[in-house]
Amino acid sequence: MLADTMMYDTEQLFKAIQSTYSWWIYGLWLAVIFSPKIFSYSYGVVDTAPRKRIGLLSTPRSPSRNSVVSLYRSLPLRAMSRVWGKFNELPLPEFSRHFLLSIYVRMFNCNVQEALVEDLSQYRNLGEFFRRALKPGARPLAEDHLLVMPSDGKVLNFGKVVDGTIEQVKGVNYSLKGFLGPNNLWVYKEGKSSGSCSSDLEMELDQSDLEFKGISESQHYKSLLHNKDNRLYHVVIYLAPGDYHRFHSPADWTVEHRRHFHGELLSVNPMIASYVEGLFSMNERAVYTGSWKHGFFSYTAVGATNVGSIRTYFDPKLETNTGCEGRKEMTYEDEFFPRGVSLKRGDAFGEFRLGSTIVMIFEAPKTFDFTELSLNKSVRMGGALGEPVTAKEKRARAAQA
């Protein structure tokens, strides 16, 4: 029975992987034709600087699925992604640009008419086309909502966070605690306000990490709330290879902290996400946290196979997919923004070097309602996500304008 189950799981995962990576053949074909040098790409010096650590906190899996997922994780996905990221930046011969990029446009149904630069021959490589800018007005913001879509893509899931567990896709979960890590921003704030030296502050942060391991999912959930009468909500948006690859601020909020997890680079394709439990807690990700109108707010760019890198415009220190040795221990780096980074709805936030996933986890009143969302719905950046604007807020906006 166990052998039959493992065989079925293996077949299902193989089908998901095959659907995810079939277009790699196209990329390798271009690489062989235009740049054999790519296969001698050097990965550079390994960064061995010490980092804070956190164990892998994912939803338990069945023994059969554990074996299959372990096999998948053993694939050289990080090396593949670095090669693909390097390939994306290789200059295409000018005479071939329109022809080659047209193949990509047709394959992934890209809307070139809304791009700021419609002429495909003007893009020097695939990377420039991936992160293309749009014409002004191509993504109008929903004026009657405080919360808007951060990117183009497909809604994988949304709803309430229940006792520290988040639904990845229907029936498949991951841990809030494992996804965000220790809630120790308050330690940093108190240390800075009291004038603690760097070594004392580091010790206090290390102590909070140790205490974090002993708290329950429910306790961690409650520690994030600014108002005990509120609750946490989440939304997951998947960006396909053909989507607009820049992502934006979904609300007026202040970013206070960034945590970069050095994790895996598994595919976030919906088929894979429906199979690999705890996927978002395993993958490399940049978690930005802060506050908005109702309290806690987090915005996470999740890495994936073939995402050469994640770039955020206000955080030049962020470096993803660097091949660090510590990634297997789920190491992470904290970056604090003492003065905060104030963002408005629709402000440019960053870009993926190919499709991936945005995960938002935020605090709101129990009366909060998502606006006309449904699973697998295709959305566009700036569309309504939730929280209708009140008449008072409309008047305040009009006065500011």
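These remarks concern the structure in this document. (Residues numbered from 1 in each chain as written. Predicted model: local features only at pLDDT ≥ 70, side-chain atom pairs only at ≥ 80, totals over all residues. Heavy atoms only, no water.)

A short note on the overall build of the chain
The helix and strand inventory of the chain stands at 13 helices and 16 strands. In the chain, the proportion of contacts linking residues at least 24 apart, taken out of those at least 6 apart, comes to 82%. For the chain, the exposed surface amounts to about 18500 Å²; the carbon and sulfur share of it is 54%. (Helix = DSSP H or I, 4+ residues; strand = E, 2+ residues; numbered from the N terminus. Contact = heavy atoms within 4.5 Å. Areas by Shrake-Rupley, 256 points an atom, 1.4 Å probe, with all protein chains shown as cover.)

A closer look at the packing of aromatic side chains
A ring pair, where both rings are aromatic, is described by two values, the distance of the centres and the angle of the planes. By the definition in use, this model includes 28 aromatic pairs. On the numbers, 4.9 Å between centres and 45° between planes, the contact of F247 with F352 is tilted. Highlighted residues: F247 in strand β7 (residues 246-248) and F352 in strand β13 (residues 348-352), separated in sequence by 105 residues. For the pair formed by F247 and F352, the shared burial category is buried. Judged by centre distance (5.9 Å) and plane angle (70°), the ring pair of F314 and F337 falls under edge-to-face. Here the residue F314 occupies a position in the loop between β11 (310-312) and β12 (331-343), and F337 occupies one in strand β12, the gap between them amounting to 23 residues. (Phe/Tyr/Trp six-rings, centres within 6.5 Å; stacked < 30°, edge-to-face > 60°. Buried < 20%, exposed > 50% of the residue type's maximum accessible area, 1.4 Å probe, protein only.)

Observations concerning the environment of L146
With respect to the secondary-structure elements, L146 resides in strand β2 (residues 145-148). For L146, a relative accessible area of 12% puts it in the buried group. On a C-alpha basis, the gap between L146 and D252 in space is 7.6 Å, while along the polypeptide they are 106 residues apart.

Brief notes about the sheet that holds β13
In spatial order, the strands read β7-β13-β11; together these three strands make up an open sheet with antiparallel pairing. A strand with exactly one partner marks an edge of an open sheet, and here the two such strands are β7 and β11. For this sheet, the mean inter-axis angle between neighbouring strands, taken without regard to orientation, is 20°. Taken together, the three bridges between β11 and β13 define a ladder with antiparallel strand orientation. Bridge pairing in β13 places I310 opposite F352. (Pairing = 2+ DSSP bridges. Axes fitted to C-alpha atoms, helices over the stretch in contact; angles between N-to-C directions.)

Overview of the pairing of β13
In terms of burial, β13 is a largely internal element, four of the five residues being buried. Alignment of β7 against β13, held across three bridges, turns out to be antiparallel. Among the inter-strand pairings, R246 is bridged to a residue of β13, identified as E351.

Some thoughts on the pattern of salt bridges
Scanning the entire structure with this criterion turns up twelve salt bridges. Among the salt bridges present, the one from E351 reaches R131, with a minimum N-O distance of 3.6 Å. Of this pair, E351 sits in strand β13 while R131 is found in the loop between α6 (126-130) and β2, placing the two residues 220 residues apart along the sequence. Here D315 and R258 are joined by a salt bridge, their closest N and O atoms 2.7 Å apart. With a gap of 57 residues between them, D315 in the loop between β11 and β12 and R258 in strand β8 (residues 253-261) connect regions that are remote in the sequence. In this structure, D315 and R258 share a single accessibility class: buried. Each of the salt bridges in this network shares a partner with another, and the network as a whole consists of E114, R139, D152 and R380. (Salt bridge = Lys/Arg side-chain N within 4 Å of Asp/Glu carboxyl O.)

Some remarks on the nonpolar core
In terms of nonpolar packing, the biggest core is built from 35 residues, with L176, V276, F280 and I361 touching the most fellow members. Of all hydrophobic cores here, the second largest spans 33 residues; its members include V235, Y288, F370 and L373. (Core = buried A, V, L, I, M, F, W, Y, C linked by side-chain atoms within 4.5 Å.)

Concerning the pairing of strand β10 (residues 295-302)
Most of β10 is tucked away: eight of the eight residues are buried. Sheet topology note: the strand β9 (residues 285-292)/β10 ladder contains eight bridges and is antiparallel. Directly across from G290, in β10, lies its bridge partner F297. In sequence, β9 turns back onto β10 through a hairpin of two residues. Relative to strand β14 (residues 357-364), β10 runs antiparallel, the two being bridged by six bridges. For Y299, the partnering residue across the bridge sits in β14 and is M360.

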